[in-house]
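Take a look at the letters that make up each chain.
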Amino acid sequence: MRPKIEPNFAAAALQLDGALLLLQQSGHALPDRARSEDAWLQAVIDGLCELSSRDALTGLANRRHFELTLASEVDRVARAGEPALVLMIDIDHFKRVNDAHGHQSGDLVLKAIAVALSECVRPMDTVARFGGEEFAMILPNCPPSYGLAVAERVRAHVGAHPIPIGAAEEVTVTVSIGGAFAPQWVRSSPLLWVERADQQLYRAKSEGRNRACLEEPMVSHVSAEEKGLLFGTSTFAELG
Amino acid sequence: MKAAAAVAPKATVLAVTSGKGGVGKTFFSANLAAALARLGERVLVLDADLGLANLDVVLNLHPKITLHDVFTGKASLDEAILPAPGGFSVLLAGSGLVEYSRLTPHVREQLVEIIDRVAPRFDRILLDTGAGISDVVLHAISLADDVLVIATPEPTSMTDAYATIKLLATQQGRRAIRIVVNQVSVAGEGRTIRNQLQLVVDRFVTPRLDDGSAVALEMQGEIPTDPAVREAVQRRTLLLDRLPGSRAALAVAAIAARMAA
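Reading the values: the criteria
Residues numbered from 1 in each chain as written. Chains lettered and ligands numbered in written order. Predicted model: local features only at pLDDT ≥ 70, side-chain atom pairs only at ≥ 80, totals over all residues. Helix = DSSP H or I, 4+ residues; strand = E, 2+ residues; numbered from the N terminus. Buried ≥ 20, exposed ≤ 12 C-beta atoms within 10 Å, placed from the backbone. Contact = placed C-beta atoms within 7 Å. Axes fitted to C-alpha atoms, helices over the stretch in contact; angles between N-to-C directions. Parallel < 35°, antiparallel > 145°, perpendicular 65-115°, else oblique. Left-handed = near helix turned anticlockwise from the far one by under 90°. Nonpolar A, V, L, I, M, F, W, Y, C, P; charged D, E, K, R; others polar. Pairing = 2+ DSSP bridges. Expected span 1.5 Å × (residues − 1). Arc of directions from axis to C-beta. Core = buried A, V, L, I, M, F, W, Y, C linked by C-beta atoms within 7 Å. pLDDT = per-residue confidence, 0-100.

Trainee: Would you take a moment to explain the overall build of chain B for this structure?
Mentor: Each helix and strand in chain B was counted, giving 11 helices and eight strands. By residue count, 52% of the 261 residues in chain B fall in the buried class. Once local pairs closer than 6 in sequence are excluded, the contacts in chain B between residues at least 24 apart make up 76%.

Okay, structure coming up:
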């Protein structure tokens, strides 16, 4: 279907300098020139896609990537019924760090928190910088009974690691965490899910910060025990 | 969650829901509305299944104006309220509005506003909700004064009805839920099913409620399996119009009479 492209023709005709500079500046290895034209262009595009899904400062998933992942997770939960948790994580009194130590130190703190958060999760989880000093996590297949333990682990891990911001200086920051489960089997929306987690974050802040608050999960799951009682009597034996 | 009571008398809002689709929810809503209209009530059926509506199919209506036009400001609410064959009014969503199958803040506000605006003009508003549980369905139900869960004796329907009851009790704080059992083959089967649901609710749902109160399933009636229903549905007419003397029609009328009393 595609017209045959002469070697180097497409790349020569396209304005790729900006794209290549972006890739180089962000530390991406530039694609190998020796590869075929298509493969080379594909590698440039892949690099740009990767770049556009990352937060420049922390290297975490950015807001755009977070929202894409969240939308597909909502669909998966509605279809498969697996529980999933979203955590919204906000650094407590971040402004004080900036005010006392300067914005560069603030950036170091953001980077260190990004690393700390990434250390707390499984490879399948998504850690994102949601904006400013707010981070977000998507934890697929996380049973409601584990939710608070996971959030607590994240909170404790951050608080237990002082962050070096100069030759002899370090700061310890804490985070407040709000979490909500995607209602299982329910057709929901990413927006509402984040909104619910945000309400819990607000609660964590107003209850004094450095804590994790989770929404009571919606219960629409019917256990085998419940089904047993529902159909277990002789009257319903014939109904299976 | 609900707007404060207005000065003018307002309609009672009843949400009709089921969990599982295909249990006769829309059939029941439409015929209940017709039966209530015969008793002198001003009834509006609102198609609250915004993404997958089929009230228009059941009533054989081909609306030019739907809720979608109201949402987008293309038509006024008055233009969208249509007379239905059974002497009641309908507000149709129009099928395939995929963008409304998810609850956005816009849809949320619009639904609240629409119900508020129509409430003073009717005695009763029936919210016909969609199959399955979605944010839109849960939100629509949250706007209702009462909820009616319709189930059939099929195990999948009973399981879904139970899951819905559980969600309504734990999430929305419902303590009274009305039950109608459709397609029963033996007289009294509906009552047995209601009792069975109540048993499981007492055992598994009530203990999780933090206010120590219980959830009461209020039996509204049962509708027998009746070939007349199939005939009416296939001809896309109201059972109460087409075969008012059929057993199923009489059962719906009896439920309406009890409700209106």
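Trainee: Would you mind showing me how to read the packing of helix H6 (residues 103-119) of chain A against helix H7 (residues 144-159) of chain A here?
Mentor: Geometry of a packed helix pair, given as the angle between the helix axes and the separation of the axes. Residues and elements named next belong to chain A. The geometry of H6 relative to H7 is characterised by a closest axis approach of 9 Å and an angle of 140° between their N-to-C directions. What the angle tells us is that H6 and H7 run oblique. Between H6 and H7 the crossing geometry is right-handed. Along the contact surface, H6 presents Ile113, Ala116, Leu117 and Glu119, while H7 presents Val154, His157 and Val158. The residue inventory of the contact of H6 with H7, partitioned by class, reads five nonpolar, one polar and one charged.

Trainee: In this structure, what is going on with the sheet that holds strand S1 (residues 12-17) of chain B? I would like to understand it.
Mentor: Whenever strands of a sheet pair, they do so through backbone hydrogen bonds, lying parallel or antiparallel. Residue and element names in this part refer to chain B. Spatially, the eight strands line up as an open sheet ordered S3-S4-S2-S5-S1-S6-S7-S8, and their pairing is mixed. If you trace the sheet from one side to the other, it starts and ends with strand S3 (81-83) and strand S8 (216-224), each paired once. Direction aside, the axes of adjacent strands within the sheet are offset by 25° on average. One ladder, built from three bridges, connects strand S2 (residues 43-47) with strand S4 (residues 89-91); its direction is parallel.

Trainee: What am I meant to see in H7(A) here?
Mentor: For an α-helix, the turn length of 3.6 residues means that residues three or four places apart are oriented alike. Residues and elements named next belong to chain A. Along its 16 residues, H7 runs 24 Å from first to last C-alpha, staying within 8% of the 22 Å computed at 1.5 Å per residue. Those residues of H7 that fall on the buried side of the exposure criterion are Gly147, Val150, Ala151, Val154, Arg155 and Val158. Each buried residue of H7 lies within a common arc of 130° when the element is viewed along its axis, so the set occupies one face. With respect to the buried face of H7, the exposed residues turned more than 90 degrees away are Ser145 and Ala149. Where H7 is buried, its residues meet strand S1 (84-91), H6, strand S3 (134-140), strand S6 (175-181) and strand S7 (212-214).

Trainee: What should I look at first to understand helix H5 (residues 105-118) of chain B in this one?
Mentor: Residues and elements named next belong to chain B. Spanning 14 residues, H5 covers 20 Å between terminal C-alpha atoms, matching the ideal 20 Å at 1.5 Å per step. Taken as a whole, H5 has its buried residues at Val107, Leu111, Ile114, Ile115 and Val118. Projected down its long axis, H5 shows its buried positions confined to an angular sector of 95°, all on one face. Turned more than 90 degrees off the buried face of H5, the exposed positions are Pro105, His106, Glu109 and Arg117. Taken together, the buried residues of H5 touch S1, S2, helix H3 (67-71), helix H4 (77-80), strand S5 (124-128) and helix H6 (135-142).

Trainee: What is the right way to read the sheet that holds S1(A) from this model?
Mentor: All names here are of chain A. What the five strands build is an open sheet, ordered S2-S3-S1-S6-S7; its pairing is mixed. The open sheet terminates on both sides in strands that have one partner only, identified here as strand S2 (126-131) and S7. Taken over all neighbouring pairs, the strand axes of this sheet differ in orientation by 20° on average, direction set aside.

Trainee: Where do I start with the nonpolar core in this structure?
Mentor: One broad rule of soluble globular proteins: the nonpolar side chains tend to lie buried together. By size, the foremost hydrophobic cluster in this structure holds 90 residues, and its most contacted members are Ala33(B), Val45(B), Ile125(B), Leu127(B), Leu197(B) and Val252(B). Top contributing element to this core by residue count: helix H1 (residues 25-38) of chain B, with nine residues. With near-sequence residues (within four places) excluded, Leu127(B) lies in contact with Val13(B), Ala15(B), Val16(B), Leu46(B), Ala48(B), Ala140(B) and Ala144(B). Leu60(A), Leu139(A), Ala212(A) and Cys213(A) belong to the second largest nonpolar core, which has 50 residues in total.

Trainee: Even after reading the chapter, I still don't get the confidence of the model for chain A, so can you show me in this structure?
Mentor: Detailed reading of the predicted coordinates is not advisable wherever pLDDT is low. All names here are of chain A. Confidence in the prediction for chain A averages 86 pLDDT; 89% of positions are at 70 or higher. This stretch, residues 1-7, has a pLDDT under 50; its non-local contacts, to residues over four places away or in other chains, come to three contacts. In this model residues 234-240 is a low-confidence stretch, pLDDT under 50, and it forms eight contacts with partners more than four residues away in sequence or in other chains.

Trainee: How should the environment of Ser105(A) be read in this particular structure?
Mentor: Residues and elements named next belong to chain A. Along the polypeptide, Ser105 turns up in helix H6. The partly exposed category is assigned to Ser105, around which 18 C-beta atoms lie within 10 Å. Distance from Ser105 to Ile163, taken between C-alpha atoms, is 9.6 Å for residues 58 residues apart in sequence. Excluding anything up to four places from it in sequence, Ser105 contacts Val97 and Ile165.

Trainee: Can you walk me through unusual backbone geometry in this structure?
Mentor: Excluding glycine, most residues fall at negative phi; most peptide bonds, likewise, are trans. Located in the positive-phi region is His93(A), a residue other than glycine, with phi close to 50°. By the element assignment, His93(A) lies in the loop between S1 and helix H5 (94-101). Overall, the presence of 14 C-beta atoms within 10 Å leaves His93(A) in the partly exposed class. Positive phi, normally seen in glycine, also occurs at Arg236(B), with a value near 55°. Mapped onto the fold, Arg236(B) is located in the loop between helix H9 (227-234) and helix H10 (239-242). Looking at Arg236(B), the number of C-beta atoms within 10 Å reads 14, which means it is partly exposed.

Trainee: Please explain the pairing of S2(B) as it appears in this structure.
Mentor: Residues and elements named next belong to chain B. Most of S2 is tucked away: five of the five residues are buried. Alternating positions in S2 separate into two faces, Val43, Val45 and Asp47 on one and Leu44 and Leu46 on the other, with burial throughout. Where S2 lies against S5, five bridges are found, and the strand directions are parallel. Note that in S5 the partner of Leu44 across the bridge is Ile125.

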